[in-house]
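Results of the structural survey
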Amino acid sequence: MSSLHLAILTPFLCAVIVPFLFKYVKRIHTGWFVLAVPLSLFVYFINRYPFHSPLEPVVQSVPWIPQLDFHFAVYMDSLSLLFALIITGIGCLVVLYSIYYMSKDREALHNFYFYLLCFMGAMLGVVLSDNLMVFYLFWEFTSFSSFLLIAYWYQRKRSRHGAAKALLLTVTGGFSLLLGFLMIHAALGTFSIRGIIAEADRFAEHPLFIPAMGLILLGAFAKSAQFPFHIWLPDAMEAPTPISAYLHSATMVKAGVYLAARMTPVFGGHKEWFWITVIFGIITLFWGSFLAIRQIDLKAMLAFSTISQLGMMMAMLGIGSLALAPDLDREQALLFSGAVLAAIFHLFNHSIFKGSLFMVVGILDHELGTRDIRKLGGLMSFMPISFTLTVVGAFSMAGLPPFNGFLSKEMFFTSALSVWEHLDWAGAWIPLMGWIASIFTFVYCMMLVFKTFTGPFKPQL
C-alpha cells in the first residue's frame, strides 16, 4: 500500500482512537491530539508540491475486486493536490478553532472529532480516487459523515431536520451519480477516470453519452447546492460553527465543483455540457446573492452567499469547457480556458475568506449570544481583531481591490464577456446576470461589515 493510500486512511484510523483519548485523557482537550492528523497530512501534501517544476501525476493502485474492475486506485495531479491541501489546511484551522469553541466539559467531543476525521478521510478519498466506484463510495461517505456532523446537537429539532434534509438531497444526487458511472462503464468498459478521459472521443459517439452527462451533473449540482437543490445548505447551518466553516465553505460543497472540473475533459466542448452548467450556475449565482441580502441571521447570510459563490464557480467551469470545442482557434481556446483557471482560483479564495467569516460569526455568537444583525452594531472598538478579519474576508468576497477575490471576479467577468462576444446576443444575459448578482454580493458584504461593527452599540438588546 502506497503513501497516498495511507494518507486517505489515516483520518479513519485515527478516528478510532479518539473515543479512548476522550475517555482516559481528561486534562487535555481532545482537539489537541486530533490537530496532529490534519497538520501532518498538510505537511505531507505540501512536500509533494513541486515549487519549481510542473507536477508529474502520481498513479498508485491496490487490487480490490478485480473481477468487477474495482481497484483502490489513487491519482494525484495538480487539481487533486490543490483540493487535498485545502481539505487538510482548512482542517488544521478548523480543529484549532474548535479547541476554543467546543467545551471539553459540556460537549461530547469524542463524537465530534470522530465524525470530523471520518469526513476528512472521505473528502481526501473523493479528490484522490481514480476508480469511479471507489470515488462513489467516498462520495456517499461524505454525505453520511456530514449528516452526523450537522446533527451533532441532535437534541435540537432543527439540527435533526437540517441533517435529514441534507442527507436526502445529497444521497439522491449520489444515486444519480452512480447510475451515470455505470453508464460510462457500459459504454467504455472501464471505471478509471484516466481511461475515460483517454477514450472521451469514442464515448462522445455513444448513445449513453448525453444520459450519463445529465446524471453526473445532477449529482454534482445536488452536492454543490446548485439551484434548485440549494435548499439543503441553509438548513445545514444548524451545525456547530466549526462544522459550517469546514463542510459548507471549504470542502463538502466543493465536491460537486471538483467533479465538474474532473469531468470537463470528458464532456467539455459539447453544447449540452456548456449550457447546462452555465444556465444553472448563473441562476444559482443570482438567486443565492438575492436571498443573502434578505437575511437577518449572519450565518444564514453566509450560507446563501456560499450558494451564490458556488454558482459562479460552476458557471466559470462551464464557460471554460468551450475551450475544448473543435471549431475554435488557438487564441479563442486560450481565452476560454482562462475561465477554468478563474474557477479554481476563486474556489481557493472562497475557501479562505468564507472559512474565516464563518469563524468570526461563531465568535460573535459565542460571545454575544446572538447572530441577529438587527441586535448587533458598534462592535468595532470592542472586537478589533474580529472586525479586521471581517473586513478582509467580506471585501475579498465583494471583489474589491487589492484582495484576491477582486482578481478572480475580474477573471469571471472577462470570461463572461468573451462568451457574449462568441455567441453574440444569445450569451448577453450571462454577464448581465453576473453583474446584477455582483451588486447584491457587494450589498450583503457591506451589511456584514457595517451593520455588525459600526453604528451605535446596542447592549440593551
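For the structure, see preceding data.
A few points on the structure.

Rules used throughout
- Residues numbered from 1 in each chain as written.
- Predicted model: local features only at pLDDT ≥ 70, side-chain atom pairs only at ≥ 80, totals over all residues.
- Heavy atoms only, no water.
- Helix = DSSP H or I, 4+ residues; strand = E, 2+ residues; numbered from the N terminus.
- Buried < 20%, exposed > 50% of the residue type's maximum accessible area, 1.4 Å probe, protein only.
- Contact = heavy atoms within 4.5 Å.
- Areas by Shrake-Rupley, 256 points an atom, 1.4 Å probe, with all protein chains shown as cover.
- Lys, Arg positive; Asp, Glu negative; His and termini not counted.
- Charge placed at Lys NZ, Arg CZ, Asp CG, Glu CD.
- Axes fitted to C-alpha atoms, helices over the stretch in contact; angles between N-to-C directions.
- Parallel < 35°, antiparallel > 145°, perpendicular 65-115°, else oblique.
- Left-handed = near helix turned anticlockwise from the far one by under 90°.
- Nonpolar A, V, L, I, M, F, W, Y, C, P; charged D, E, K, R; others polar.
- Pairing = 2+ DSSP bridges.
- Expected span 1.5 Å × (residues − 1).
- 1 Å grid on protein atoms, 1.4 Å probe; cavity = no way out; pocket = protein on both sides within 12 Å on 5 of 7 lines; lining within 4 Å.
- Points joined across faces, edges and corners; volume = space filled by probe spheres on them.
- Salt bridge = Lys/Arg side-chain N within 4 Å of Asp/Glu carboxyl O.
- Core = buried A, V, L, I, M, F, W, Y, C linked by side-chain atoms within 4.5 Å.
- Disulfide = S-S within 2.5 Å.
- Phe/Tyr/Trp six-rings, centres within 6.5 Å; stacked < 30°, edge-to-face > 60°.

1. Thoughts on the overall build of the protein chain
Along its length, the protein chain carries 19 helices and 2 strands. When the 461 residues of the protein chain are sorted by exposure, 59% land in the buried category. Put simply, of all contacts in the protein chain between residues at least 6 apart along the chain, 79% involve residues at least 24 apart. With the model as given, the accessible surface of the protein chain reaches about 18,700 Å², and the carbon-plus-sulfur share is 68%. Each charge class in the protein chain can be summarised by its mean position, and for the 27 positive and 23 negative side chains these summaries are 16 Å apart.

2. As for the environment of Tyr75
Structurally, Tyr75 can be placed in strand E2 (residues 70-76). Tyr75 sits 100 residues away from Phe175 along the chain, and the two C-alpha atoms are 23 Å apart. Residues within four places of Tyr75 in sequence aside, it is in contact with Pro57, Val58, Val59, Ser80, Val127, Leu128, Asp130, Arg194 and Arg262.

3. Focus: the packing of helix H10 (residues 209-223) against helix H13 (residues 255-267)
Packed helices, taken two at a time, are described by the angle their axes make and the gap between the axes. Between H10 and H13, the shortest axis-to-axis distance is 8 Å and the interhelical angle comes to 160°. Taken as axis vectors, H10 and H13 run roughly antiparallel relative to one another. Crossing of H10 against H13: the hand is left-handed. Counted together, Phe209, Ala212, Met213, Ile216, Ala220 and Lys223 of H10 and Ala255, Gly256, Leu259, Met263, Val266 and Phe267 of H13 form the full contact between these two elements. Looking at the contact of H10 with H13 residue by residue, the class counts come to 10 nonpolar, 1 polar and 1 charged.

4. Observations regarding the pairing of strand E1 (residues 58-65)
With 7 bridges joining them, E1 and E2 adopt antiparallel strand pairing. What sits directly across from Pro63, in E2, is His71. Hairpin geometry of E1 and E2 is characterised by an intervening segment of 4 residues between the two adjacent antiparallel strands and by a positive phi of about 65° at Asp69.

5. With respect to helix H17 (residues 384-398)
The first and last C-alpha atoms of H17 sit 21 Å apart over 15 residues, in line with the 21 Å expected at 1.5 Å per residue. Turning to H17, the residues buried within the fold contact helix H15 (298-320), helix H16 (330-368), helix H18 (404-423) and helix H19 (429-453). The first or second residue beyond H17 is Gly399, which carries a positive phi of 80°.

6. Describing empty space enclosed by the protein
Counted according to the given criterion, the structure contains 2 cavities of 30 Å³ or more. Surrounding the largest cavity, Leu285, Gln309, Met312, Lys409, Phe412, Phe413, Gly434, Ala437, Ser438 and Thr441 form its lining. Mapped onto the lining of the largest cavity, the elements with two or more residues apiece are H15, H18 and H19. It is H19 that provides the largest number of residues to the lining of the largest cavity, a total of 4 residues.

7. With respect to the pattern of salt bridges
All told, the structure shown has 9 salt bridges when counted by the stated rule. Taking the shortest distance from any N to any O, the salt bridge between Glu272 and Lys271 comes out at 3.6 Å. According to the relative accessible area criterion, Glu272 is partly exposed, its value standing at 28%. Given the relative accessible area of 59%, Lys271 is considered exposed. Ionic pairing is found between Asp365 and Arg371, a salt bridge with its closest N-O pair at 3.1 Å. Each member of the salt-bridge network shares a partner with another, and the members are Asp297, Asp365 and Arg371.

8. Remarks on the nonpolar core
Residues Phe45 and Phe181 are the most contacted members of the largest nonpolar core, which totals 163 residues. The element contributing the most residues to this core is helix H5 (residues 109-128), with 15 residues. Leave out the neighbours within four places in its chain, and Phe45 touches Leu4, Ala7, Met76, Leu81, Ala84, Leu85, Thr88, Leu124 and Leu128.

9. Some details on the state of the cysteines
Under the criterion given, the structure shown has 0 disulfides. Its sulfur unpaired, Cys92 is 13 Å from the next cysteine sulfur, which belongs to Cys14. Judged by its relative accessible area of 11%, Cys92 falls in the buried class.

10. Some details on the layout of surface pockets
The computed volume of the largest pocket comes to approximately 450 Å³. Along its surface, the largest pocket is lined by 22 residues, and Gly89, Ile90, Leu93, Ile352 and Met359 are the ones closest to its centre. Residue assignment for the lining of the largest pocket shows that the elements contributing at least two residues are helix H3 (36-47), helix H4 (78-101), H16 and H17. For the lining of the largest pocket, the residue count by class is 17 nonpolar, 5 polar and no charged. Estimates place the volume of the second largest pocket at around 220 Å³. Lining the second largest pocket, in full, are Leu79, Ala261, Thr264, Pro265, Leu317, Gly320, Ala323, Leu324, Ser337, Val340 and Ile344. Within the residue set of the lining of the second largest pocket, elements represented by two or more residues are H13, H15 and H16.

11. Some remarks on unusual backbone geometry
Cis geometry marks the peptide bond from Phe227 to Pro228; its omega dihedral reads 5°. Position of Pro228 among the secondary structure elements: in the loop between H10 and helix H11 (232-235). A cis amide bond links Pro401 with the next residue in sequence, Pro402, at an omega value of 10°. Looking at the element boundaries, Pro402 is found in the loop between H17 and H18. In this structure, Ala225 is a non-glycine residue whose phi angle is positive, near 55°. With respect to the helices and strands, the residue Ala225 is situated in the loop between H10 and H11.

12. Thoughts on the packing of aromatic side chains
Scanning the entire structure with this criterion turns up 29 aromatic pairs. Note on Phe135 and Trp139: the rings are 5.6 Å apart at their centroids and 25° apart in plane angle, and the pair reads as stacked. Residue Phe135 and its partner Trp139 are located together in helix H6 (residues 132-150), separated by 4 residues, close to a single helical turn. Take Phe135: its relative accessible area is 1%, and that puts it in the buried class. Between the aromatic rings of Phe286 and Phe440, the centroid separation amounts to 5.9 Å while the plane-to-plane angle is 55°, which identifies the pairing as tilted. You can see Phe286 sitting in helix H14 (residues 271-292) and its partner Phe440 sitting in helix H19, a full 154 residues away along the chain.

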